[in-house]
Amino acid sequence: MRPIYLDCHATTPMDQRVLAQMLPFFSEYFGNASSVGHLYGWEAQAGIKQAREIIAIAINAKETEIIFTSGATEANNLAIKGVAEAYFDKGKHIISVQTEHKAVIEPCEYLQELGFEVTFLPVAENGLLSLDLLRNSIRDDTILVSVMAANNEIGVLQPIGKIGQICHEREVLFHTDCAQAIGKIPLDVESMNIDLMSLTAHKIYGPKGVGALYVRRRNPRVRLASQIQGGGQEKKLRSGTLCTPNIVGFGKAVEIAIALMETDNEKQKKLRNYLWNQLKNLEGVKLNGDLKQRLAGNLNISIQGVDGSALLLALQPVVAVSSGSACTSESTKPSHVLTALGHSKSLAQASLRFGIGRFNTLTEIETVAQETKKAIIALRNFH
Ligand SMILES: *Cc1c(COP(=O)(O)O)cnc(C)c1O
């Protein structure tokens, strides 16, 4: 038997309804959406238009404001470097947060090398950003604030509506990485004053390799320098033949996630709370991140006095979880998110991230709770 999959912040299994929607676009409807002169092109265009509409409606945007990309990494790069390149004559200061995904931090650090100044704000012990700190960090030369909606390691939800309000008042562009948030919390680019939003399909039971950047077109109209030049697709902001099956699947995944948001969240929260209640009374177990301002399917714990990699190894046959973020778990560096919460290196390394998803069952979580308890106690006795 394969281990129980509880790593839904790294990626999710594809929903069968998504796959079914995609299949004809691999074979029958294989046309290039840029072919305007014949039926094959129109079929692909129609699939893409429908997906674009679904995604736009899901975040209260216009179809013309959705730029398809290869995922949230590319969307973050386009947003951050694209704004920097288009607005550098206005200012060279960018604000982000220490707990952001590497796909935000690395483009910011790249810009630092080019002469931009980036302020990475710290967070409180519960992972939340202080609004006063943000307000006081905005300067006359600040051109962009980038704060994620939902954290991929600790599931913490930042108050993006309030952050958007502050940015709007100060006339600074606001970008938010919503890779973990779309379909899980309500998102509205108008009421939340969001100017740029990164999305991806594979965290919501869609295919890997597709995502989008929302780019506001009025009040204000966001200028952006494209990072990939070529055939001029996606309003010249992202050249390259569109991957029709992936985009169609992305649309379907968003449609399902929006429709199931409440029921999925309710179910996942029950499973998550069950798991936490089973583990929280063990000696030295500590919750990472705020319990209330948090994604329903996320549990992240640190276990004092237990070797993190030994624990992961012990759990491997039973459950697929990760310690720290999947993107950095190949290296032995402690998670930058957990160290930003004030954890020591060893405590950050002795952490487990459970990502509960749509298809997990109570029976699975019961097994995981038992096995995790057993493994922690066994490793403790060994020392
Ligand atoms: C997964 C993830 C990304 C990267 O998305 P890809 O589509 O895999 O490039 C970026 N930000 C966050 C918060 C994520 O969870």
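Residues numbered from 1 in each chain as written. Predicted model: local features only at pLDDT ≥ 70, side-chain atom pairs only at ≥ 80, totals over all residues. Heavy atoms only, no water.

**Student:** Would you explain the site of the ligand in this entry?
**Tutor:** Close contacts around the ligand come from Gly-71, Ala-72, Thr-73, His-101, Met-148, Asn-152, Asp-177, Ala-179, Gln-180, Thr-200, His-202 and Lys-203, and that covers them all. Taking Ala-72, its main chain carries an N or O atom lying 2.9 Å from an oxygen atom of the ligand. Contact distances for the ligand include 2.7 Å between an oxygen atom and a side-chain N or O atom of Gln-180. The protein chains hide 88% of the 380 Å² of surface that the ligand would expose on its own. (Near = heavy atom within 4 Å. Polar contact = N/O pair within 3.5 Å; in protein donor to acceptor, adjacent residues only side chain to side chain. Areas by Shrake-Rupley, 256 points an atom, 1.4 Å probe, with all protein chains shown as cover.)

**Student:** Looking at this structure, I do not really get empty space enclosed by the protein. What am I missing?
**Tutor:** Once rolled over the atoms, a probe with the size of a water molecule shows which space is left empty. Across all of its chains, the model carries 2 cavities of 30 Å³ or more by this definition. A volume near 170 Å³ is recorded for the largest cavity. Around the largest cavity, the lining is made up of 22 residues, and of these Lys-184, Tyr-205, Asn-265, Gln-268 and Ile-356 lie nearest the centre. Considering each element in turn, the lining of the largest cavity owes the most residues, 6 residues, to helix α7 (residues 244-279). Among the residues making up the lining of the largest cavity, the classes are represented as 9 nonpolar, 9 polar and 4 charged. (1 Å grid on protein atoms, 1.4 Å probe; cavity = no way out; pocket = protein on both sides within 12 Å on 5 of 7 lines; lining within 4 Å. Points joined across faces, edges and corners; volume = space filled by probe spheres on them. Helix = DSSP H or I, 4+ residues; strand = E, 2+ residues; numbered from the N terminus. Nonpolar A, V, L, I, M, F, W, Y, C, P; charged D, E, K, R; others polar.)

**Student:** Just to check I follow, could you spell out a nonpolar patch on the surface for this structure?
**Tutor:** Residues Phe-30, Leu-39, Tyr-40 and Trp-42 make up a contiguous nonpolar surface patch of roughly 460 Å² in combined accessible area. Among the secondary structure elements, Phe-30 is positioned in the loop between α1 (16-22) and α2 (39-58). (Patch = residues over 30% accessible without salt bridge, like charges linked within 9 Å, V, L, I, M, F, W, Y side chains within 5 Å. Salt bridge = Lys/Arg side-chain N within 4 Å of Asp/Glu carboxyl O.)

**Student:** What is the right way to read the packing of aromatic side chains from this model?
**Tutor:** The geometry of an aromatic ring pair comes down to the distance between the two centres and the angle between the two planes. Taken as a whole and judged by the stated rule, the model has 4 aromatic pairs. On the basis of an interplanar angle of 45° and a centroid distance of 5.3 Å, the ring pair of Phe-30 and Tyr-40 is categorised as tilted. You can see Phe-30 sitting in the loop between α1 and α2 and its partner Tyr-40 sitting in helix α2, a full 10 residues away along the chain. You can call Phe-30 exposed: its relative accessible area is 54%. (Phe/Tyr/Trp six-rings, centres within 6.5 Å; stacked < 30°, edge-to-face > 60°. Buried < 20%, exposed > 50% of the residue type's maximum accessible area, 1.4 Å probe, protein only.)

**Student:** Quick question: what am I supposed to make of the sheet that holds strand β10 (residues 298-303) here?
**Tutor:** By way of backbone hydrogen bonds, the strands of a sheet pair with one another, either parallel or antiparallel. Strand order across the open sheet formed by 3 strands is β9-β10-β12, with antiparallel pairing between neighbours. The open sheet terminates on both sides in strands that have one partner only, identified here as β9 (285-287) and β12 (351-355). Strand after strand, the sheet turns through a mean of 25° between neighbouring axes, direction not considered. Lying over the sheet, α7 contacts β9, β10 and β12, oriented at roughly 15° with respect to β10. (Pairing = 2+ DSSP bridges. Axes fitted to C-alpha atoms, helices over the stretch in contact; angles between N-to-C directions. Contact = heavy atoms within 4.5 Å.)

**Student:** Would you take a moment to explain the nonpolar core for this structure?
**Tutor:** Most often, soluble globular proteins keep nonpolar side chains buried together rather than apart. Ranked by size, the top nonpolar core spans 62 residues in total, and within it Ile-59, Phe-68, Val-145, Leu-187, Met-197 and Phe-250 carry the most contacts. Here this core gets 7 residues from one element, more than from any other, and that element is α2. Shared between two domains, this core takes at least three residues from each, and those domains are domain 1 (4-12 + 261-382) and domain 2 (16-255). Excluding anything up to four places from it in sequence, Leu-187 contacts Ala-58, Ile-59, Ile-160, Cys-178, Ala-181, Ile-182, Met-192 and Met-197. (Core = buried A, V, L, I, M, F, W, Y, C linked by side-chain atoms within 4.5 Å. Domains from an automatic or database assignment.)

**Student:** Teacher, can you tell me more about the domain arrangement of the protein chain here?
**Tutor:** Accessible area lost upon the coming together of the parts is a frequently used measure of interface size. Domain boundaries in the protein chain define domain 1 (4-12 + 261-382) and domain 2 (16-255). A separation of 28 Å is found between the C-alpha centroids of domain 1 and domain 2. Counting from both sides, the interface comprises 30 residues of domain 1 and, opposite them, 32 residues of domain 2. Taken over both partners, the interface formed by domain 1 and domain 2 buries close to 2,600 Å², and the fraction arising from carbon and sulfur atoms is 54%. Summed over the three residues of domain 1 that lose the most area to domain 2, namely Thr-12, Leu-295 and His-336, the buried surface amounts to 23% of that side. (Buried area = accessible area lost by both parts, 1.4 Å probe.)

**Student:** Sorry, what's going on with α2 here?
**Tutor:** It helps to recall that an α-helix has 3.6 residues per turn; residues three or four apart then point in one direction. If you check α2, its first and last C-alpha atoms are 29 Å apart, about what 20 residues at 1.5 Å a residue would give, namely 28 Å. Considered for burial, the residues of α2 that qualify are Gly-41, Ala-44, Gly-47, Ile-48, Ala-51, Arg-52, Ile-54, Ile-55, Ala-56 and Ala-58. Residues of α2 that are buried in the fold lie against β2 (66-69), β7 (196-200) and α7. Positioned one or two residues after α2, Asn-60 has a phi angle of 60°, which is positive. (Expected span 1.5 Å × (residues − 1).)

**Student:** What exactly am I supposed to notice about the pairing of strand β3 (residues 93-97) here?
**Tutor:** Moving residue by residue along a regular strand, the side chains alternate between the two faces of the sheet. Most of β3 is tucked away: 5 of the 5 residues are buried. Going residue by residue along β3, you find His-93, Ile-95 and Val-97 tucked away on one face and Ile-94 and Ser-96 tucked away on the opposite face as well. In this sheet, strand β4 (residues 117-121) lies alongside β3 in parallel orientation, the contact comprising 5 bridges. Looking at the pairing, Ile-95 lines up with Thr-119 of β4. For the crossover that starts at β3, traverses helix α4 (residues 102-113) and ends in the parallel β4, the hand is right-handed. (Right-handed = clockwise from strand over helix to strand, strands pointing away.)

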